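Summary of structural features
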Amino acid sequence: MKFSSYNLSKDLLEVINNLGYIDLTPIQEATITKVLKGKSLICKSETGSGKTHAFLIPTLNNVDRDLNAIQVLIVTPTTILANQTYEFARAICEQIEGLSCKVFTSSKDKNKNLEELSYGKEMPKVVIGTPGRIVDLLINNKTNISRINTIVLDEADMLLDDSYINDIVTLMERINPKQRLIFTATMKNHLISDTYKFIKAEEIIDIDKKVKVNRNVKHHLVDIKHKDIVEQLINFLNIENPYFTLIFASEKTKVEKIYRQLNQNGITCSILNGNMQSRENKINLRRIKQGEFNVVVCSDMVSRGLDLEDVSTVISCDLPKDLDYYLHRAGRCGRNNKKGDSYIFYNDDELTLVKKLIESKLGFDYYILRKDSLKKVDTIEGKPKKKNEELEKEIRKEVRKVKTNKVKPGYKKKISKAIEKAKKNHKEKIIRKNLKEKRKLNKSL
C-alpha cells in the first residue's frame, strides 16, 4: 500500500513523496489509519521497520495549523534519538506553512529553550525531547499545555523503566492527552499488559510476534580464544574489511578504551557514548552521517532507535545478559531491505550465556577468529575439561568427615568448607611435588 491511499492533506502527501516515502512498511500500514482517527495504541514492531514515520506522518496531519499552541509531544529516552526524530519532523515541517517543530534536550541551553516557549512567540506545533527537560520546560515552567492532544512515547520500554517512569507519569497526569501512542521494538509481555492499563490503550498492535529482529540480518558467534579484544577487532576488520561497522560494548569505560586503542593502532574510528557531552555526540553523529568514518564504537544507549544508513556489520564485544539488548544492537544493520551481519565475540568460559542466545532460535552460525582467518566451524562446544580423579577422591574424603544423616543448621556451610579444604590440600600437594621434582632435577645437573 502507498501513502497516497490514505486521507492525508495534499501538501503533506506531496512533501513525503518528494522525500522518498512512497510505499508503507507493515507497521505503518497497521497504524496510520488508527492514529489518524485519534486512537490510543501500543505498537510493537522490529527495529528498522519504520516506526518513526508511523506516528510522525499521521500526527502531523492531525495538527491544527491555525492554532498557535503545542499540540503533539514526542518523548524519547536519549538526546541522539530526540535529535534524529526532530530531523525527520523538520524535513517535513519546513516545507509546509503552519507546521513547526522544536527539540528540547539537555544538550541545549535551558534559557534558550525557555525563550522559544515564551508568551507572544510563535509556538511549535510539535515538541520533541527527553523526559527530564520536557518536564522542566512544560510542567515546572508552567507552559501552556492545555492543547496537547497527543503524546508519543518512542522506545517506550526504556521510558517506562525506573530511570524515567516518574517523569512519564508526571507528563501523563498533568497533560492528560486524548491520544497516547506507545512505540517500541521490544517489550516483555507483562509490561505490555501493565502499560495497556496505564495509558488506557484501545488496541495493541504487534506486527510479528514470532520474529523479533530484522530478517535481513545474519547472526554469527565468534570464539576469540581469550585473545585481547582490541587485537581481535583489528584482526577481524583487516580480514573481513566490512563496509560500515558499529562496535558495541556494555560498559562505557570499555567503549572508550576500545575507541582509544583502535585509533592508536591505525583504525580510524568515531565514538558515540553516554559518557560524552551531548554536544560531542551530536558533532560525532553529524560527521558519521557525512561518511567520515566507517567504524564507530558505541554504548548500548546508542542502539535504541539510532538510524544510520548502510550499516553492514555490527560487532558485540561482550554478551548482553538480556536478549533485547542484543536485538537492538543487531537491528542497527540490515535496515531498509539491505543485508547485514551481526557478530558476537565470546570466549569458551561464556558458553552458558552463548547457549541462551542460541535458544532464541535466531539462527546463529559459528566461527573461530585467528590471526589471519575467520574459520567457520560446526559447533560452539569448548574443549571438555579433564576430570581430576585424585582431587575428586580427596573432596569425597573431606565431605564424608562432616556429612551426617540429619541435616543441621550450617550443614551446607560445613560441606562448602570441606570442599575448599580438599582443594587447598590438593593444590599444596601439587606444589610440594613440583618443588621435589625441581630439586631432584637440580641435583642431577
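Look above for the structure.
Okay, so let's go over this structure. (Residues numbered from 1 in each chain as written. Predicted model: local features only at pLDDT ≥ 70, side-chain atom pairs only at ≥ 80, totals over all residues. Heavy atoms only, no water.)

Strand order in the open sheet formed by seven strands is β3-β4-β2-β5-β6-β1-β7, with parallel pairing between adjacent strands. Looking at the sheet topology across the chains shown, the edges are occupied by β3 (101–104) and β7 (203–206). Sheet twist, expressed as the mean angle between neighbouring strand axes with direction ignored, is 15°. Of the pairings in the sheet, the one linking strand β1 (residues 41–44) to strand β6 (residues 179–184) comprises four bridges and is parallel in character. Residue pairing across strands places lysine 44 opposite threonine 184, the latter belonging to β6. Against the sheet, helix α6 (residues 131–140) engages β2 (72–75), β3 and β4 (126–129), with an angle of about 135° to β4. Contacts between helix α8 (residues 165–175) and the sheet are confined to β2, β5 (150–154) and β6, with β5 contributing the most and set at about 165° to the helix. (Pairing = 2+ DSSP bridges. Helix = DSSP H or I, 4+ residues; strand = E, 2+ residues; numbered from the N terminus. Axes fitted to C-alpha atoms, helices over the stretch in contact; angles between N-to-C directions. Contact = heavy atoms within 4.5 Å.)

Time to look at the packing of aromatic side chains. Aromatic ring pairs: the centre-centre distance and the angle between the two ring planes describe each pair. Scanning all chains against the criterion turns up four aromatic pairs. A ring pair is formed by phenylalanine 236 and tyrosine 343, whose centres lie 4.8 Å apart and whose planes are at 70°; its orientation type is edge-to-face. Taken together, the residues span a long stretch of sequence, with phenylalanine 236 in helix α10 (residues 229–240) and tyrosine 343 in strand β13 (residues 340–346) at a distance of 107 residues. A residue is classified by how much of its surface remains accessible, and phenylalanine 236, at 1% relative accessible area, is buried. (Phe/Tyr/Trp six-rings, centres within 6.5 Å; stacked < 30°, edge-to-face > 60°. Buried < 20%, exposed > 50% of the residue type's maximum accessible area, 1.4 Å probe, protein only.)

Next up on the list: the pairing of strand β12 (residues 313–316). Of the two faces of β12, the one lined by Thr313 and Ile315 and the one lined by Val314 and Ser316 are each fully buried. In the sheet, strand β9 (residues 245–248) pairs with β12 via four bridges, with the strands oriented parallel. The residue bridging isoleucine 247 from the neighbouring strand is isoleucine 315, located in β12. Bridge count between β12 and β13: four bridges; the pairing is parallel. Each residue of the ladder has a partner; that of serine 316, found in β13, is isoleucine 344.

In this section: the nonpolar core. With 36 residues, the main nonpolar core has Phe3, Ile16, Ile74, Ile92 and Val126 as its most contacted residues. Membership of the second largest hydrophobic core comes to 31 residues, among which are Leu272, Leu285, Val311 and Tyr326. (Core = buried A, V, L, I, M, F, W, Y, C linked by side-chain atoms within 4.5 Å.)

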